[in-house]
Amino acid sequence: MHAPHIPGFAYVDLVGEGGFADVFRYQQELPTRQVAIKVLRSGSDTASLDLFRAEANVMAQLSNHPSIVPIYQAGVSSDGRAFLVMEFCPPPHVAQRYRVEPLAVGEVLDIGVKIASAVETAHRAGILHRDIKPHNILTSTFGVPLLTDFGIASVVGQTGAAGQALSIPWSPPETLTSDSHDVRSDVYSLAATLYSLLIGHAPYERRDASNDNATMMTRIERGQLTPLRRPDVPASLVDVLRRAMSVQVEKRPVSAMVLGRQLQDVQIELRQSPTRLEVMDASPSALVEEHPDDARTLVRPVSVIIPAAVSARPAPVRPAVEESTRSPGADPATGGTGGHGGRSGTAPPRRTDDRRLGTGARVAVGVVAAALAGVVGYAVLAGGGTDDDPRSGPLRGEKPADPVQALDAPDAPVVTSSGKGTRYTFRWQQADPKPDDEFKVRIRENGVVTDDAQYVRETSRTVTIAPKSSVCVQVSLRRQGLPISAPSREVCEVGR
């Protein structure tokens, strides 16, 4: 599809092609910057275009969120195709990376919490994403994961499940046959996306069997999830994702916020600083409610103008928080890990009597509690439990996760550069280098990845950069017996 003429923008090149839209890179004239413009492939009737404009207006207001791709402008080109002007995010993105090699656990958890924040923000504004998948998570110039494509391409002239342009490998079973307005459908797709980043392919894809759409849909409907066997992935993370991908909607976390809190719990288990959940609350009652603001959660009420065309659509279904879908260790009285900013549940009355156990009784209770904890812990790791308890037991079609020992990934290498003119040397080092350390060096020339991403032992590389061209280097560390480190900070030089 050819790029349309859009006043104020000069076409540069094609970035990507999709089923309903294409993405082009343009140079904006004022202010001067490169932008990505998503253009729908065909024109639509007046009513559909009105809905497109309305939903684009809402997302533009929410795109101030740190994990949502900023939207600068929306309109209709001279040939009748609707378009969105967005921030240009240079590749590679997670969609390209995870197919080459699964991502490190720490990075997946960070992505998961940040994208959960974005999804929760959209839900509180009355918008379902409907198409969360690796391809719709971009990476900003500064390496921040950004959620894009909030179903805008599918609302123009399309209704119902058949018109949602489903990405089958990441779609929950209920959306394969009918239109879903439940926020837990987005929760499922987000978990499926994170599972993909860990396993290196779609959750229901099999290396040794057919992966056509019909076969994939059958596996999804039956819950035949491909087992994840990575020794560096803790059993708790596998369990969180498997619960969020339950075939039964009611057994999933009730909101993206709850899923984000569960991912934070895993980060804490791995002795990592939890990524902060940052939510913009545009719900009608947000301005009069109290919101949490602590080390793990930041919820800010915002005033968003919701156009009539959007508010008239079926509102997202947001079930009440149930104790069985809270994060492990949540306080059922206070809603400590609840997904609605402390809205659900109130603290029970305190006991007024001062009944305290003696020392002997406390010791006895402690021994019994420890024994019970051991039994319950073993049952959870072994995949035991009943179908009535969504916190335990395997999904249908998958064996229980193997108990594994949590391992800390090494720190990312530190990359520096030196040189002048057209010749530069990039160097990387570790604070505590080991003889068998190997490095994966990713090189981008003018925004295009040119290396083959093989592991090497070298700790420097000299390159020649043509004048006005750029070369960027990013390095990951692989150390024997440990998970791969997160990528280093990308270091760039420009030829002069």
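Sequence order sets the numbering: in each chain, residues are counted from 1 along the sequence as written. Under the rules for a predicted model, residues below a pLDDT of 70 receive no local features and side-chain atom pairs below 80 are neither given nor counted, while totals for whole chains, interfaces and linings still include all residues. With hydrogens and water set aside, each side-chain value is computed from the structure's full complement of heavy atoms.

Undergrad: Explain the packing of aromatic side chains here, please?
TA: To describe a pair of aromatic rings, one takes the distance between the centres and the angle between the planes. The rule is short: rings of Phe, Tyr and Trp, with Trp giving its six-membered ring, pair when the centres are within 6.5 Å, and they are stacked under 30 degrees, edge-to-face over 60, tilted in between. Tallying each qualifying case throughout the model produces four aromatic pairs. Measuring from centroid to centroid gives 5.9 Å for Tyr11 and Tyr26, while their planes differ by 80 degrees, and the two rings are edge-to-face. Here Tyr11, found in strand 1 (residues 9–17), pairs with Tyr26, found in strand 2 (residues 21–28); they are 15 residues apart in sequence, far enough to count as distant. In this structure Tyr26 comes out as buried when scored by relative accessible area, which is 1%. Aromatic ring contacts, followed pair by pair, group Tyr11, Phe24 and Tyr26 into a single cluster. Geometrically, a charge over a ring is one whose NZ (Lys) or CZ (Arg) sits within 6 Å of the ring centre while staying within 35 degrees of the ring normal. A cation over a ring is seen here: Arg33 above Tyr72, with NZ or CZ 3.8 Å from the ring centre. Secondary structure elements are defined from DSSP: runs of H or I of at least 4 residues count as helices, runs of E of at least 2 residues count as strands, and each element is numbered from the N terminus. Any residue under 20% of the maximum accessible area for its type is buried, any over 50% is exposed, and the rest in between are partly exposed; the area is computed with a 1.4 Å probe on protein chains only.

Undergrad: Got a minute to help me understand the pattern of salt bridges in this structure?
TA: When their charged atoms lie close together, side chains carrying opposite charge are able to pair. Whenever a carboxyl oxygen of Asp or Glu lies within 4 Å of a side-chain nitrogen of Lys or Arg, that contact is scored as a salt bridge. Under the criterion given, the structure shown has 24 salt bridges. With a shortest N-O distance of 3.2 Å, Lys114 and Asp110 are connected by a salt bridge. With Lys114 and Asp110 both in helix 3 (residues 105–124) and four residues apart, this pair spans about one turn of that helix. Using a relative accessible area of 23% as the deciding quantity, one classes Lys114 as partly exposed. On the accessibility criterion, Asp110 (21% relative accessible area) is partly exposed. Among the salt bridges present, the one from Arg296 reaches Asp265, with a minimum N-O distance of 2.9 Å. With Arg296 in the loop between strand 8 (277–281) and strand 9 (297–301) and Asp265 in helix 8 (residues 256–269), this pair connects stretches of sequence that are 31 residues apart.

Undergrad: What should I look at first to understand the UniProt feature "binding site: ATP" (unreviewed entry) in the protein in this one?
TA: With numbering aligned to this structure, UniProt lists the feature "binding site: ATP" (unreviewed entry) at Lys38. Mapped onto the elements, Lys38 comes out in strand 3 (residues 33–40). UniProt positions are given in the numbering used here, feature names are shortened, and annotations may be inferred rather than shown by experiment.

Undergrad: I'm lost on the state of the cysteines in this one. Help?
TA: Throughout this description, disulfide means a covalent bond between two cysteine sulfur atoms. To count as a disulfide, a pair of cysteine sulfur atoms needs to be within 2.5 Å. Evaluation of the coordinates by the stated rule reveals one disulfide. Paired by a disulfide, Cys472 and Cys492 hold their sulfur atoms 2.0 Å apart. On the sign convention where negative is left-handed, the bridge of Cys472 and Cys492, at about 110 degrees about the S-S bond, is right-handed. With Cys472 in strand 16 (residues 470–478) and Cys492 in strand 17 (residues 491–494), this residue pair connects regions lying 20 residues apart in the sequence. Overall, Cys472 belongs to the buried group, its relative accessible area being 7%. Residue classification places Cys492 among the partly exposed residues on the basis of a relative accessible area of 39%.

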